[in-house]
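Examining the three-dimensional arrangement
Chain by chain, the residues:
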Amino acid sequence: MYEIYRVALFGHRTLYDLRKVEDRLAPILENLLRTKEYVEFYIGRHGEFDEYAASVIKRAQKAVRDDNSVMILTLPYTVKDIEFYEEYYDEITIPDIGRPHPKVAITLRNQWMVDAADLVIAYVENSSGGAYKAMAYAEKTGKPVINLATDCEEEIWT
């Protein structure tokens, strides 16, 4: 049986520097794919960071290896046209968080992702919003957090 290493990814709905995200995220993902036996990447789909990070994950899998990881779209509730997502993501999960209001469901889903993760990778520039709250929750619970927007020491990436 594989030793599974779980990574939750969060970021702002709007990105202003896609190159910065890729330049900082790709080496981390590639290192995880090289050093971990099996990696589960948990990611949402609520903005530019989520969509872009998913494409960086796909490129890292192609560049390093794709047989020891899975990208899991983690939805807060059922969505229409789920078939579209099934074609792109390796798996889709909807955590058992009850049936709260959709905005509350996103927060509860984010907390579920943090709780499940061994590492949280975020792109947070502002001290507000869902990505910020998820990162703050991760820090409060003692999870290791890499903030791509601010952490830039070379040893973090490799």
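Preceding block: the structure.
Residues numbered from 1 in each chain as written. Predicted model: local features only at pLDDT ≥ 70, side-chain atom pairs only at ≥ 80, totals over all residues. Heavy atoms only, no water.

Observations concerning the sheet that holds strand β3 (residues 69–74)
If you walk across this open sheet you meet the six strands as β4-β3-β2-β1-β5-β6, and the pairing is parallel. Two strands lie at the open edges of the sheet, namely β4 (91–93) and β6 (145–147), each paired on one side alone. Strand-to-strand twist across the sheet, computed as the mean angle between neighbouring axes with direction ignored, equals 25°. Two elements, strand β5 (residues 119–123) and β6, share three bridges in a ladder whose sense is parallel. By the bridge assignment for β6, Val-120 is matched with Val-145. (Pairing = 2+ DSSP bridges. Helix = DSSP H or I, 4+ residues; strand = E, 2+ residues; numbered from the N terminus. Axes fitted to C-alpha atoms, helices over the stretch in contact; angles between N-to-C directions.)

Topic: helix α5 (residues 130–140)
Looking only at α5, the buried set comprises Ala-131, Ala-134, Met-135 and Ala-138. Seen end-on, α5 carries its buried residues on one side only, within an arc spanning 95°. Facing away from the buried side of α5, by more than 90 degrees, are the exposed residues Lys-133 and Lys-140. Against β1 (4–11), α4 (102–116), β5 and β6 lie the buried residues of α5. Positive backbone phi, approximately 85°, marks Gly-142, located one or two places after α5. (Buried < 20%, exposed > 50% of the residue type's maximum accessible area, 1.4 Å probe, protein only. Arc of directions from axis to C-beta. Contact = heavy atoms within 4.5 Å.)

Regarding the packing of helix α1 (residues 18–35) against helix α2 (residues 48–63)
With their axes 9 Å apart at the nearest point, α1 and α2 run at an angle of 45° to one another. If you check the angle between α1 and α2, you find them oblique. In this structure, α1 meets α2 at a crossing whose hand is right-handed. Along the contact surface, α1 presents Leu-18, Val-21, Glu-22, Leu-25, Ala-26, Leu-29, Glu-30 and Leu-33, while α2 presents Phe-49, Tyr-52, Ala-53, Val-56, Ile-57, Arg-59, Ala-60, Gln-61 and Ala-63. Its residues assigned to classes, the contact of α1 with α2 comprises 13 nonpolar, one polar and three charged. (Parallel < 35°, antiparallel > 145°, perpendicular 65-115°, else oblique. Left-handed = near helix turned anticlockwise from the far one by under 90°. Nonpolar A, V, L, I, M, F, W, Y, C, P; charged D, E, K, R; others polar.)

Comments concerning the pairing of strand β2 (residues 38–43)
By the criterion of burial, β2 is predominantly enclosed, with six of the six residues buried. Burial along β2 is two-sided: the residues Tyr-38, Glu-40 and Tyr-42 and Val-39, Phe-41 and Ile-43 are all buried. Of the pairings in the sheet, the one linking β1 to β2 comprises six bridges and is parallel in character. For Ile-4, the partnering residue across the bridge sits in β2 and is Tyr-38. Note on the crossover from β1 through α1 to β2: the handedness is right-handed. Note that β2 and β3 share five bridges and pair parallel. Residue Glu-40 lies in a different strand from β3, and its bridge partner there is Val-70. Taken together, β2, α2 and β3 constitute a β-α-β crossover, and its handedness is right-handed. (Right-handed = clockwise from strand over helix to strand, strands pointing away.)

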